[in-house]
Amino acid sequence: MKRAADTWHFPLSGGVLNTVVFKWLPFITCCLMVSSASGQRTDWRNRIDELVARADSLSLVSQQTFYLNKFLSNDRPIRETWHYTVSSGRVVIFEVHYFVDSVEYLEVYYLDRDQVICSEQYEIEYPHASDDRIRWGTVRFFQGNTVQQSVSMGTVPEQVEAGRSYDSWIRFKSRFRELAAQRTLQEKNYKEAIFAP
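S.K.: Kindly report on the environment of Ser-150, identifying the contributing residues and their values.
M.R.: With respect to the secondary-structure elements, Ser-150 resides in strand E8 (residues 146-154). In the structure, Ser-150 is positioned 10 residues away from Arg-140 in sequence and 4.5 Å away in space, judged by C-alpha atoms.

S.K.: Which residues make up the pairing of strand E2 (residues 64-71), and what values go with them?
M.R.: Consecutive side chains of a regular strand alternate in pointing toward one face of the sheet and then the other. The pairing of E2 with strand E3 (residues 77-87) spans 8 bridges and is classified as antiparallel. Residue pairing for E3: Thr-65 is matched across the bridge by His-83. Hairpin connection between E2 and E3: a loop of 5 residues separates the two successive antiparallel strands, and Asp-75 in this loop has a positive phi of roughly 65°.

S.K.: Give me the pairing of E3: which residues, what numbers.
M.R.: The element E3 is largely enclosed, with a buried count of 8 among its 11 residues. Bridge count for E3 against strand E4 (residues 90-100) is 7 bridges, and the pairing is antiparallel. If you follow Thr-85 over to E4, its bridge partner there is Ile-93. The antiparallel pairing of E3 with E4 creates a hairpin that spans 2 residues between the two strands, and Ser-88 there sits at a positive phi of about 55°.

S.K.: Hey, could you go over helix H2 (residues 43-61) for me, with residue numbers and the actual values?
M.R.: Three or four residues apart is the spacing at which side chains of an α-helix point the same way, because the helix has 3.6 residues per turn. Its 19 residues give H2 an end-to-end C-alpha distance of 28 Å, which sits within 8% of 27 Å, the value for a rise of 1.5 Å per residue. Inspection of H2 places Trp-44, Arg-45, Ile-48, Asp-49, Val-52, Ala-55, Asp-56 and Ser-59 among the buried residues, and these make up the whole buried set. The arc that holds every buried residue of H2, seen down its axis, measures 130°, which confines them to one face. Exposed side of H2, more than 90 degrees from the buried face: Asp-43, Glu-50 and Val-61 are the residues found there.

S.K.: Outline the nonpolar core, supporting the account with residue identities and numerical values.
M.R.: Judged by nonpolar contacts, the single largest core of 18 residues is most densely connected at Ile-48, Ile-93, Tyr-110, Cys-118, Tyr-122, Val-139 and Phe-141. Elements supplying a minimum of two residues to this core: H2, E4, strand E5 (103-112), strand E6 (115-125), strand E7 (133-143) and E8. Apart from the residues lying within four places of it in its own chain, the contact partners of Cys-118 are Ile-48, Val-52, Val-108, Tyr-109, Tyr-110, Val-139, Arg-140, Phe-141 and Phe-142. Counting 16 residues, the second-largest nonpolar core is a separate cluster that includes Leu-68, Val-96, Val-116 and Phe-176.

S.K.: Give a detailed account of the packing of aromatic side chains, specifying residues and quantitative values.
M.R.: Counted by the stated rule, this structure contains 9 aromatic pairs. Centroid distance Trp-82 to Phe-94: 6.0 Å. Interplanar angle 5°. Geometry classified as stacked. Within this pair, whereas Trp-82 is found in strand E3, its partner Phe-94 is found in strand E4, the two being separated by 12 residues in sequence. Overall, the relative accessible area of 0% leaves Trp-82 in the buried class. Note on Tyr-109 and Phe-172: the rings are 5.7 Å apart at their centroids and 50° apart in plane angle, and the pair reads as tilted. A residue pair is termed long-range when its members are at least 10 positions apart, and Tyr-109 in strand E5 and Phe-172 in helix H4 (residues 166-195) qualify at 63 residues. The exposure class of Tyr-109 is buried, given its relative accessible area of 3%. You can call Phe-172 buried: its relative accessible area is 0%.

The rules behind each value
- Residues numbered from 1 in each chain as written.
- Predicted model: local features only at pLDDT ≥ 70, side-chain atom pairs only at ≥ 80, totals over all residues.
- Heavy atoms only, no water.
- Helix = DSSP H or I, 4+ residues; strand = E, 2+ residues; numbered from the N terminus.
- Pairing = 2+ DSSP bridges.
- Buried < 20%, exposed > 50% of the residue type's maximum accessible area, 1.4 Å probe, protein only.
- Expected span 1.5 Å × (residues − 1).
- Arc of directions from axis to C-beta.
- Core = buried A, V, L, I, M, F, W, Y, C linked by side-chain atoms within 4.5 Å.
- Contact = heavy atoms within 4.5 Å.
- Phe/Tyr/Trp six-rings, centres within 6.5 Å; stacked < 30°, edge-to-face > 60°.

Laid out in structure tokens, this is it:
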């Protein structure tokens, strides 16, 4: 019989966690990796935690960046910033973030052999007179295309919370296709620049 995914929710005072700086997000990720109530981790979580730690470590020393110009549904232009890290020819982590006014939208995906093992999604507010604040965030741990555990904080939008498993996996697949296409273009341009007369 299949076990239902563990779901953890941490409500924030007023729906916002104060004093969160972008560079601290890897630390937040580690803090959000909540183990089961008994304090014992299953083998799949230990494995994911090790792969996430390794990807974070690699991303500190080896990261590629590119930008994509897009439009929101109301034809408003945005510029997505993509960061990714490759190990042994495969992407082990990639991030996508963009701003709409003073709000940053951030997605982080950890991979093992081109499959998502952990995803993070945040909405971060940058008000003029105070520190950065996370409006909401989710961390999801995957086995295959199924969410095994979900951690959330703040007031997660209904459409994000409702589509916890399948929609998260579909979103990853869509983002991963975009990354693969862009990597192909970058590598082609790089080779052409090297071998140009």
